[in-house]
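Here is what each chain is made of, one letter per residue.
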Amino acid sequence: MAMNPMQRKANNYLLIGVLVTLLITGSIIAMLFMQISKMKKQMAAQQEKIQTVFVVSKDIKSGSKVDLTNLKEASALKESIPSNALDTGKLTENTISKLDLKPGTILTENMVVETEEELTADIRIQEYNMIELQTQIQTGDYIDVRLRMPDGTDYIVVSKKKIEIPTINGGDSLNTIKIRVSEEEIMLMSNAIVEAYWAKGSKLYATTYVEPGMQNQVTPTYLPSDKVVRLMDTDPNILTVAKSELFARYNNNVNIIRGNILENLNKNAVQGQTNVESGVQEEIDKAKSERQSYLDSLSGVN
């Protein structure tokens, strides 16, 4: 059946419309593909500029341990990342922070150091309650324990000890700290405690480090009595290197340091033994009181 001119014209318009629609749709699709391709290239280029780094996830105090518990992964532009950003594969059990670090800080190699303290077989945790503590001292601080004699002479007994303050009945102990000490240091502390009690007017006290991660351990200057030195010489638990260092210090300074300490002790010869006995009893009473408070807190007694 022959198509009339009007129908033919309508069909032609329809065909032209379909073709135009296809051309427009094809152009839009082509443009979209081009845009997607461009965006992918831009994203790939941007991704090449980004690198994964480790940043601090919570406050880290100077001298505190640095490990994956206080770090997290983050993405940053390569141009903003320090060239010495730390690879966490270099972290060890002895890695500590040199300075106070805030969350969001990119960790770099010059922010950490390996601690000098080695965990040898003779290391023990010891509590002391006769050391005079600074008013704002807190767990995690590093201290030197010093002995000041009545004549003003002052000696370092043990150095750079990280402290822990025990929690007693929900609060920090007022007078007790825990520190790690070696067999040699236990003997030095014991001798210094007795001599602090003996010489009236002497003081055993703690001084804190400003930036323990950056400040090296100082050399102790206190020398114990002859009896203690001889006992240390026969003690198989004290490392040979520690004995050598102590004896070298003792032999070089015995006349000056021990001579001065003995002079202070001799001034209290009559009352010295009584001072020691009362001082030791006070230690025992403090320890018993805090132990009882701790046990009460476990049992719910107020």
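Source: prediction; values computed, not measured.

Asker: Sorry if this is basic, but what is going on with the overall build of the chain here?
Answerer: On a plain count of helices and strands, the chain comes out with 5 helices and 11 strands. Taking 2.2 N^0.38 as the reference for a compact globule, 302 residues should give roughly 19 Å; the C-alpha atoms of the chain span a radius of gyration of 36 Å, well beyond that estimate. A burial count over the chain gives 34% of its 302 residues as buried. A separation of at least 24 residues holds for 70% of the contacts in the chain among residues at least 6 apart in sequence. When the accessible surface of the chain is split by element, carbon and sulfur atoms take 55% of a total near 18900 Å².

Asker: Help me understand the pairing of strand β10 (residues 177-181) in this model?
Answerer: When a strand is regular, its side chains alternate between the sheet's two faces. Of the two faces of β10, only the one carrying Ile177, Ile179 and Val181 is buried; Lys178 and Arg180 on the other face are not. Note that strand β5 (residues 124-128) and β10 share 5 bridges and pair antiparallel. Bridge pairing links Tyr128 to Ile177 in β10.

Asker: Hey, could you run me through the sheet that holds strand β6 (residues 142-148) in this one?
Answerer: Backbone-to-backbone hydrogen bonds join strands into a sheet, with any given pair of strands oriented parallel or antiparallel. Spatially, 3 strands are ordered β7-β6-β11 in an open sheet, and the strand pairing comes out antiparallel. Edge strands, defined here as strands with exactly one partner in the open sheet, are β7 (154-162) and β11 (203-208). Strand-to-strand twist in this sheet, taken as the mean axis angle between neighbours without regard to direction, amounts to 25 degrees. Bridge analysis of β6 against β7 gives 6 bridges, and the strand direction is antiparallel. Bridge pairing in β7 places Ile143 opposite Lys161. With respect to the sheet, helix α2 (residues 183-198) is in contact with β6, β7 and β11, its orientation differing from that of β7 by roughly 135 degrees.

Asker: Please clarify how the packing of aromatic side chains should be interpreted in this entry.
Answerer: Each aromatic ring pair is summarised here by two numbers: the centre-to-centre distance and the angle between the ring planes. Counted according to the given criterion, the structure contains 0 aromatic pairs. Here the basic side chain of Lys160 rests over the ring of Tyr142, its NZ or CZ set 5.9 Å away from the ring centre. It is Lys203 that lies over the ring of Tyr205; its NZ or CZ is 4.9 Å from the centre.

Asker: Would you explain the environment of Val194 in this entry?
Answerer: Mapped onto the elements, Val194 comes out in helix α2. By relative accessible area, Val194 is classed as partly exposed at 38%. A sequence separation of 24 residues divides Val194 from Gly170, and the C-alpha atoms of the two residues are 32 Å apart.

Asker: Help me understand the nonpolar core, please; the structure alone is not making it clear to me.
Answerer: If you look at soluble globular proteins, the nonpolar side chains tend to sit buried side by side. Ranked by internal contacts, the top residues of the largest apolar core, which has 40 residues, are Tyr128, Ile131, Val157, Met189, Leu204 and Tyr222. At the level of secondary structure, the elements contributing two or more residues to this core comprise β6, β7, β10, α2, β11, α3 (226-234) and α4 (240-266). Filtering out sequence-adjacent residues up to four positions away, Ile131 remains in contact with Val145, Ile177, Met189, Leu204, Tyr205 and Ala206. Counting 11 residues, the second largest nonpolar core, distinct from the first, contains Phe54, Ile60, Val66 and Leu101.

Asker: Would you mind showing me how to read helix α5 (residues 272-299) here?
Answerer: Structurally, the α-helix is built with 3.6 residues per turn, so residues lying three or four positions apart point the same way. Its 28 residues place the ends of α5 41 Å apart at the C-alpha level, agreeing with the 40 Å of an ideal helix rising 1.5 Å per residue. Burial in α5 covers these residues: Gly272, Asn275, Val276, Gly279, Glu283 and Glu290. Looking at the buried positions of α5, the neighbouring elements they touch are β8 (167-168) and α2. Among the residues trailing α5, Gly300 stands out with phi positive, at a value near 85 degrees.

Asker: It is not clear to me how the environment of Ile186 should be interpreted in this structure. Could you clarify?
Answerer: In this structure, Ile186 sits in helix α2. Taking C-alpha positions, Ile186 is 8.9 Å from Arg124, a pair spaced 62 residues apart along the chain. Excluding its chain neighbours within four sequence positions, the residues that come into contact with Ile186 are Tyr128 and Val181.

Parameters at a glance
Residues numbered from 1 in each chain as written. Predicted model: local features only at pLDDT ≥ 70, side-chain atom pairs only at ≥ 80, totals over all residues. Heavy atoms only, no water. Helix = DSSP H or I, 4+ residues; strand = E, 2+ residues; numbered from the N terminus. Rg over C-alpha atoms; globule rule 2.2 N^0.38 Å. Buried < 20%, exposed > 50% of the residue type's maximum accessible area, 1.4 Å probe, protein only. Contact = heavy atoms within 4.5 Å. Areas by Shrake-Rupley, 256 points an atom, 1.4 Å probe, with all protein chains shown as cover. Pairing = 2+ DSSP bridges. Axes fitted to C-alpha atoms, helices over the stretch in contact; angles between N-to-C directions. Phe/Tyr/Trp six-rings, centres within 6.5 Å; stacked < 30°, edge-to-face > 60°. Lys NZ or Arg CZ within 6 Å of the ring centre and 35° of its normal. Core = buried A, V, L, I, M, F, W, Y, C linked by side-chain atoms within 4.5 Å. Expected span 1.5 Å × (residues − 1).

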